[in-house]
Structures are given as C-alpha cells and as structure tokens.
Amino acid sequence: MPGYNLVDEPWLTARPVGGGPSVELGIAEALARAHEFEGLVVEFSTQFPALLRQILLPVVAHATGVPVNLRDKGERLTRKDGFTEAESNDLRTYLDAHRAKFDLFDPVAPFAQVAGLRTAKDETKGSAALVATAASGNNVPLFASRTDADPLDLTPAQAAHWLVHTHCWDTAAIKTGVVGDDQVKAGKTTGNPTGPLGQLGVIVPTGRTLYETLLLNLPVTPPTVLGVPQWLHGPHGPSWKPRAAEGLLDLWTWQARRIRLVPHQDDTGRPRVARVVISAGDRLAPLPEQEPHTAWTFAAPAKKSATSRPERRPRRHTQGKAAWRGLDALLAPIRQSSGGTFETSVLLDEVNALQESGRLPDDYPLQVETFGMVYGTQSAVVEDVIHDAIALPLLALHQDSEAQQLLLDVAEQAELLARAVNNLSADLRRAAGADPIPWDKGQRPGDLLLHIFDPLVRRLLAGVRDAGGNEEKLHRGRLAWEQVAHRHVWDAANRLLLAAPVTTFGGRTLEQPGRAGKAQTYRLGTAGANFRRQVDEILLRHTDAVRQATAARAAETGPALDPAPGADFDY
C-alpha cells in the first residue's frame, strides 16, 4: 500500500479570507499560509477541535515554542503576515525531520495508530466504527440511510479526520480485546472512559484567520511543562495503562484508543479504508488542571471535613442550550452565581489580559466556539452533538465592567422571562384542570421564547462589541433589549391567554402538596396578574421608562381614568 503523508497530501480543507472556493492542502502548506485562511472546513463540527489539538497546535508549539508570557503572545498574535520567516523555517525543518511520523499507512509506525494491531481471531470492524454519525453496532442514528452491514469506504483524508476524532471523542463502549493487551478479559476490555474531549465542555476562541486562531489557542506555558507529542513517544504497542499526562503536548495528542486502519485499493487503484481495529487506549487520570479548552465549576466535596476543598471539575455544555445562556461561566476568572462557582478557560482569561494591557483592541472580533458530545446508555452511544459560536466582546471579559454586567443581566433576564411564561402556562393548565407540562418532557412555551430571543441576544453581543466602552450606547442597548423582550414575552403570554378555555375564568381550587389544609385557587385573572408582576420585576428599566412616559403624558393632558380590570390583557 502506497504511503499517505499528512504533511504533504491535500487532506485539510481551508476557507480563504475574503471568500472564494475552499482549498485542500497538507499540514505544511496549511501552516505556512495560515494567515490567508479564515479557518478549516470540516465534515463534522467536533472534528475541528480534534484537528487543532491532535495535530496543528502541537506541531506549532513544538516547532516554534509556546508563548513564554503575555507580551510574547500579544506580539505573535497581532502579526498580519502570520509566522515570521524564522518561525516558518522552524516549521519546515520540524516537519521535514519528523515527516515519517505523519504517514497514515506506514507499516512500522502509522500516524496515531498501532502497527499490526489485531485480535486473536484477526477480526476487523467496518470503518463506520470510527464515524460518529454512521450506524455501527449499538450506535445507530435515527433514520440512518445505511446499516452496519453496508460497507463504508473512507478516503485517506476522511479516515485521518475520523481517526483523530476517535482519539478525542470516542464512546465508552466495550472495546475488542487485542493480542498483546494483558488487561483483556474474555476477549474484551470494559470500563473504558469516553475520549478526553467527551468529558469536557470544549471552548475554542477563534480569530479572523487560522493563524490568529492557532495563537489564541496556545496558552502561555513554561517550556519545562510542555512535554512532547505522541509521535515522539515511539511506536505504540497494544498495551495501555491509566496515567497522568506528561505535559501539554501529551495531553493534546492523547492516544485514548489503540487503532489500526486497514487500507485497500479500489478498482481505480486509489487507497481507501473500509476496515479498522479499535481497542482500549490510555486512560487519563487525573484530568490536568492546565487543560486550556474548558471552563470549570467548583462542586462541594462528597464528604465534608475540616480540610476538604471544593472539587474542581470541567463544566460541560447543556444539550439544547445556546452558548450565550452560559455566559456566567465564560465571562469571569472566578464567578459566584446561583448555579455555583465558575472559572473561565485559561485561554479566555489570557484574552482578557491581552486586551487590558492594550495588546488587543477593544473591537477585536473574537468568536468563541463551543463543542460537546452527548452520550447515552452508559456513554456507549452518541445521542447528540453540541456546537455553537458567539461573538464575545473583549470588554465583557473585564471583571464587573459595564459590558459584562449588561450581558450577564440579559442572559439572566431571558431565563427568568422564560420561567415566567412557563409559570403562566402551569397556572392556566391548573385552572383548566390539567397538570403542568413536566420540565423534562415535551416543549414548554418558555423554550420557544428562548428560541425567539436567540438572534436578538446574538445581535446584542455584536452591538456591545461595537459600542466599546461607551456607557451611553450600552445603556441604550440595554433599554432596547428590554423593550423588544417585553414585546416578545407578551406575545408568548397572549397566545396562552387566548387559548385558555372559558372554565379558567372561574378557576379551580387545589390543595397544596405537602401542606395539609392549605389550598390555592388558580384562575385566569390571578395567573395574568402574577405574570405581569413577574415581567415588570424582571424588566425594571422598561417598566420605569413606561412609568416615566405615562407620568409625563399625565402632566400634559391630566390624569387618565383607571383602566378596567384586565383591560391591559390582549385577550
């Protein structure tokens, strides 16, 4: 089988700055021209952080070094022409010296694989075992167009993408035992964790170009703790062990599985991958505190003692929840909220420091992409993939800044308004003799409201960035948000009120759970009044603005008659 070297073969796809057709190129050219591309184009969103961590970032860090301080990072990040001539020479020299390590089909040391990996019966699996979206064993997507029995021929480029993706995101399903693995029991390995990224809520800051994205994702790191990438650890064997990461590069290129691609040639002589061997790999224990691509949460220890400290855990993203709804965990080095104590990723913390020191302009168009995998049935199957991207104003990263407080308030108000609509729905259903919609079943009206808010908040994020530190613009933006939010929340409420049956006017009296002898009457009028009070308390600035405008009109025309009860509802 001819070789397929990832350094030169056109297996990466990049999107040029300013538009135009995508370009296919190898690692060497992608890095040399990184400033010419907006970013990478991938078949599946979670392949992007896998490519960054398993290949591009380690090559750049090991060849040119990581930033030694914020000044160094700021100077490198703001170069318009990408890598300097000296850095480009270092990259070429590095890739030339280690070119053989990047051969996908090398017979002795194939990239990110184990040569000769085999089971006792020389069994192989279809290449769908690599592909998170393909039907394979128990991992069968709903309405899949193919079955596990259908062959899936991958091109070498596709196989390389899914290879690194598997090391990062693979499920925790039972793995086939292989010859040479002394921990195999009954021909299989159990207790496998998911890939390392599957245990995180991955956060990737991105810039205007691929070059800027690479630099944004290189944390300031002492050279003594950098370590070396997996391709310099020597050819891997079938055996594995639980161990700690030996530096940042070892963490990024973690070999969570032992894999062998089984290539063949199709009718035209082109290489293809239709069969693979996948077995257990190294288990990361514990998760390093220097992990840069996640935010953290501090949980109370299971057993409290005088010396116990809160446990620091990676904060995972919530399925179906837009990234802006998690701003409390993104916008501060350490923040206490009703949901606990959070710490943002070290990369966003460094971006904040770069802006505060003047090394990044206030209006730098930073994007933050979030990635996650939702597993089911003991993490043995993939149920859903989480991916989102938002514009993040740099000034919002400043602790207690006006921009930060605005965005945190908006995210909280959106959640509270959705809860108010859900409360209204629950009260109307009780008044009609029905039970409220369970929080974990069906779609509640507040969920639809949050979906309507989504483009509004994203537009607000861009507006806050454009406003810079102008407090007057931020004040107008906050008031405009509350006005629009007020209109949409009442639209949602009116739909519920119009659909309420006539029996809700009289209502129903229900005994309160766990409160013997205590009863409460639910009726349309009470539900509407409670809803209005909640909305007015949530959108205080809009409420005050309406009161001031009403008072001003009254001063000019005289006091208006009190409206009849319920006249302010759009029934």
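Residue indices begin from 1 for each chain and proceed along its sequence in written order. Local features in this predicted model are restricted to residues whose pLDDT is 70 or higher, and side-chain atom pairs enter the listing and the counts only when it is 80 or higher, whereas totals over whole chains, interfaces and linings include all residues. Side-chain measures were taken over the full set of non-hydrogen atoms in the model, leaving aside hydrogen atoms and water.

J.: Can you help me understand the packing of helix H2 (residues 47-64) against helix H5 (residues 156-169) in this one?
T.: Between two packed helices, the angle of one axis relative to the other and the distance separating the axes together describe the packing. Lines are fitted to the C-alpha atoms to define the axes, a helix being fitted only along its stretch in contact, and any angle between axes, read from their N-to-C directions, falls within 0 to 180 degrees. A helix here means a DSSP run of H or I that spans at least four residues, while a strand means a run of E at least two residues long, and both kinds are numbered starting from the N terminus. Direction vectors running N to C along H2 and H5 enclose 90°, while the axes themselves pass 9 Å from each other. Taken as axis vectors, H2 and H5 run roughly perpendicular relative to one another. For the pair H2 and H5, the contacting residues are Gln47, Pro49, Ala50, Leu51, Gln54 and Ile55 in the first and His161, Trp162, Val164, His165, His167, Cys168 and Trp169 in the second. Under the convention adopted here, Pro, Cys and the residues Ala, Val, Leu, Ile, Met, Phe, Trp and Tyr are nonpolar, Asp, Glu, Lys and Arg are charged, and Gly plus all remaining residues are polar. By residue class, the composition of the contact of H2 with H5 is 8 nonpolar, 5 polar and no charged. Each angle is binned into one of four classes, with values under 35 degrees roughly parallel, values over 145 roughly antiparallel, values of 65 to 115 roughly perpendicular, and all other values oblique. Contacts were defined at the residue level, with two residues in contact if any of their heavy atoms lie within 4.5 Å.

J.: Which parts of the structure should I look at to understand unusual backbone geometry?
T.: It is generally the case that most residues other than glycine have a negative phi and that most peptide bonds are trans. For the bond running from alanine 285 to proline 286, omega is -10°, close enough to zero to count as cis. Here proline 286 lies in the loop between strand S11 (283-284) and strand S12 (296-299). For alanine 186, which is not glycine, the phi torsion reads 55° and is therefore positive. To sort residues, take the accessible area from a 1.4 Å probe on protein chains only and compare it with the maximum for the residue type: under 20% means buried, over 50% means exposed, and anything in between is partly exposed. The exposed category is assigned to alanine 186, whose relative accessible area is 79%.

J.: Is there a simple way to think about the pattern of salt bridges in this case?
T.: The working definition used for a salt bridge is a side-chain nitrogen of Lys or Arg within 4 Å of a carboxyl oxygen of Asp or Glu. The full count for this structure, using the stated rule, is 32 salt bridges. Residue arginine 15 pairs with glutamate 38 through a salt bridge whose shortest N-O separation is 3.1 Å. Here arginine 15, found in strand S1 (residues 12-16), pairs with glutamate 38, found in strand S3 (residues 37-40); they are 23 residues apart in sequence, far enough to count as distant. By relative accessible area, glutamate 38 is classed as partly exposed at 32%. Linking arginine 257 and aspartate 170 is a salt bridge whose minimum nitrogen-to-oxygen distance equals 2.7 Å. In this pair, arginine 257 sits in strand S9 (residues 257-265) while aspartate 170 sits in the loop between H5 and strand S5 (175-176), placing the two residues 87 residues apart along the sequence. The exposure class assigned to aspartate 170 is buried, which follows from its relative accessible area of 10%. The structure contains a network of salt bridges with shared partners spanning Arg243, Asp250, Arg258 and Asp282.

Geometry only, nothing functional implied.
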